[in-house]
Each structure stands twice: as C-alpha cells, then as structure tokens.
Amino acid sequence: MYSARISRNSPAAFIILIDQSGSMAETVVIDRKEVVKAKAVAFIVNMLIAELLNRSRREEGYRDYFDIAVLGYHGDEVASLWKNPNRMFMRPNDLIGNELSRVPVQRERRLPDGSTVVSSVCQKIWVEPYAGGKTPMYHALTECYRLCKAWCGAKAHRKSYPPTIFNITDGDDFKLQEIADSIKGLSTEDGAALLINIHISSDAERSPVLFPESKKELPDQRYARLLYDMSSEMPAIYNESIVQLRGRDGERFWGISYNAAMTDLVSMMNIGSVSANLLF
C-alpha cells in the first residue's frame, strides 16, 4: 500500500483547498517580513506547483506525472483558481506557459561556512491571493469529495497512488466530520485518499503542533480535536520525514497541523508531497 510508482500512465493527484475568507487578510511573518496571510499561502502553493513541475521535467520536456487541482473557498463560493476557472485538474504540460504572471523574489541561501547569499529568482504565479467573506469549508470539502471520487473511479487510476488533499485554513465550520470521512473513504487499489488539514495562525507566540501522534498533543479546543478527527493517519512511507521534522521518534502520525506558521506550512506540504518521489 502507498507504494504505486507514478508515471504518465498512472499519475498521482494533488487537491489543494485554500481558505480565502476575510480572516486571511491578517498578517503573518515569513522570511522575517510581515505579509498578508492570503499572499503568503498563495506564494507557498505556487512554490509547490513549481516544484511538482520541476520533478516532472525531463530532457525531452515535461511528463504528465500529476493531476493538480487548486480550489479557493470564501463567502458562498468554491472555485477553481486556475487561469481557466472551468478546469479543475491540470497536468504539467497544461501549466507550462499558462501561468498568470512571473514575479522576482529574493531567496536566501545559507552556505557551509554559516554566511548567507541572497539571490533573485523568477517565481511563476498560477494562483493569486484573495481574502473576503466567510468560510464555506463544508462546501469546499463536498466539492473535493466529488472531484476525488471521480478521479479514483476512473479506470486509468485504479492502480494509481491515491490522491493527497491539503486543506489550508485558519477558520471554523460545522458539519465537517461526515464529509471528511467520506473523502477518506475514497481509494485506489494502492490505498485510501489522504486528507491533510493545515490550520495556520497569525500568532507567532503560539506553539505549533505538527503531525501529532494523539489528540493529547493538541490544545483542549473543540476545533483542534475536530481537525484531528477529520485528518488521515499518515502511511509509514512518510514516517522518516515526519520524525525528522518533529525531532523525535514515533510510529503513528496524523495529517494535521494546528497553529502552524508559514514555515510549518512549507514543511507540511513538502512532506505531504513525498509521493512525488515515486517517479519512473
């Protein structure tokens, strides 16, 4: 289980759900700068998309190893965030040259001697930030279930690595457990869909909880416990990366972060995309 090799004939699916409610207009710190939370999340999602494309690149061009969907939810709306909003899943060759824009960004790299070098690189932008309205997470998860069910049910995907879903939120909603369980009940022959819930916080003083082994690691809050119950238990293939991130051993971890900072979001998404290493 969770060992299917990813190829053009057997791609892997990533579904990214982004909370775009009004609270995403709050500021967070990333690279020692204050940034609006919605902009920071969009930036990190664009980095993940670029990394997936980079992993798909070969001498002859790009191979369509991945089906990628990005949905934003705010107000009463759940919508695809691609340049063509009528498209849900996009593959690498669909995305090449189809970005909304390119922006220069500063990257800081630490050298072995401890010094740092700052360089300017061009970041492709496929997903733009937005913040406004309420948090229709139930509707977003319902749309995710529909997409995931159709993808898993396709004959071409029956033996594929199961879909990985990132739900990035700072909000609350009700009626979530049942729809989350429905998503986790979808599967290919290689395993069940993985639902990873990432709760991000504007408060730098709060201690994040990443991939907990039990509810005891979480604050005694209804929403924290709900997100835990909504999340998937991570397959053993992810354990080494999770142990390295947490800095201590463990055997069973759940796909949730709570009170995560932007750097934690990067780490969670990097670990959640570890299946992308199963390429051939």
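You'll find the structure just up there.
Residues numbered from 1 in each chain as written. Predicted model: local features only at pLDDT ≥ 70, side-chain atom pairs only at ≥ 80, totals over all residues. Heavy atoms only, no water.

Chemist: Looking at this structure, how should I read the side chain of Glu99?
Modeler: As for its placement among the helices and strands, Glu99 is situated in the loop between helix H2 (92-95) and strand E8 (101-110). Taking relative accessible area as the criterion, Glu99 reaches 11% and is therefore assigned buried. A distance of 3.3 Å separates the side chain of Glu99 from the backbone nitrogen of Gly97, its partner in a polar contact. Dropping the residues within four chain positions of it, Glu99 is found in contact with Lys83, Lys124, Ile125 and Trp126. (Helix = DSSP H or I, 4+ residues; strand = E, 2+ residues; numbered from the N terminus. Buried < 20%, exposed > 50% of the residue type's maximum accessible area, 1.4 Å probe, protein only. Polar contact = N/O pair within 3.5 Å; in protein donor to acceptor, adjacent residues only side chain to side chain. Contact = heavy atoms within 4.5 Å.)

Chemist: Please explain unusual backbone geometry as it appears in this structure.
Modeler: Outside of glycine, negative phi angles account for most residues, and trans bonds account for most peptide bonds. The phi dihedral of Tyr2 is positive, around 55°, even though this residue is not glycine. The class of Tyr2 is buried, set by a relative accessible area of 16%. At Asn259, a position not held by glycine, the phi torsion is positive, near 60°. Within the secondary structure, Asn259 is located in strand E15 (residues 256-260).

Chemist: Is there a simple way to explain helix H4 (residues 176-184) in this structure?
Modeler: For an α-helix, 3.6 residues make a turn, and residues three or four places apart therefore share a direction. Those residues of H4 lying buried are Leu176, Ile179, Ala180, Ile183 and Lys184. Buried residues in H4, looked at end-on, bunch into an arc of 140°, giving them a common side. (Arc of directions from axis to C-beta.)

Chemist: How should the sheet that holds strand E7 (residues 77-80) be read in this particular structure?
Modeler: Strand pairing in a sheet takes place through backbone hydrogen bonds and is either antiparallel or parallel in direction. Ordered in space as E7-E6-E1-E10-E13-E15-E14, the seven strands form an open sheet in which the pairing is mixed. Looking at which strands have only one partner, the edges of the open sheet turn out to be E7 and strand E14 (209-210). Here eight bridges tie strand E1 (residues 12-19) to strand E6 (residues 66-74), and the two strands are oriented parallel to one another. Among the inter-strand pairings, Ala12 is bridged to a residue of E6, identified as Phe66. (Pairing = 2+ DSSP bridges.)

Chemist: I would appreciate a short explanation of the packing of aromatic side chains in the present structure.
Modeler: Geometry of an aromatic ring pair is reported as the spacing of the ring centres plus the angle between the planes. Applying the stated criterion to the full structure yields four aromatic pairs. Pairing Tyr2 with Tyr161 gives two aromatic rings, centres 6.0 Å apart and planes at 70°, and the pair type is edge-to-face. Within this pair, whereas Tyr2 is found in the segment before E1, its partner Tyr161 is found in the loop between helix H3 (137-153) and strand E10 (164-169), the two being separated by 159 residues in sequence. The same class applies to Tyr2 as to Tyr161, namely buried. Taken together, the aromatic side chains of Phe14, Tyr65 and Phe66 make up a single cluster linked through ring pairs. (Phe/Tyr/Trp six-rings, centres within 6.5 Å; stacked < 30°, edge-to-face > 60°.)

Chemist: Please clarify how the nonpolar core should be interpreted in this entry.
Modeler: Nonpolar side chains tend to gather and get buried jointly when the protein is soluble and globular. Within the largest apolar cluster, 50 residues are counted, with the highest numbers of intra-cluster contacts made by Val45, Val70 and Met269. Every element with two or more residues in this core is listed here: E1, strand E2 (27-30), helix H1 (37-56), E6, E10, strand E13 (194-200), helix H6 (239-246) and helix H7 (262-272). In terms of residue count, H1 provides more of this core than any other element does, nine residues in total. When sequence neighbours within four positions are dropped, the list of residues in contact with Met269 reads Ile16, Ile44, Val45, Leu48, Phe166, Ile168 and Ile198. Residues Cys144, Leu147, Ile165 and Leu195 belong to the second largest nonpolar core, which totals 34 residues. (Core = buried A, V, L, I, M, F, W, Y, C linked by side-chain atoms within 4.5 Å.)

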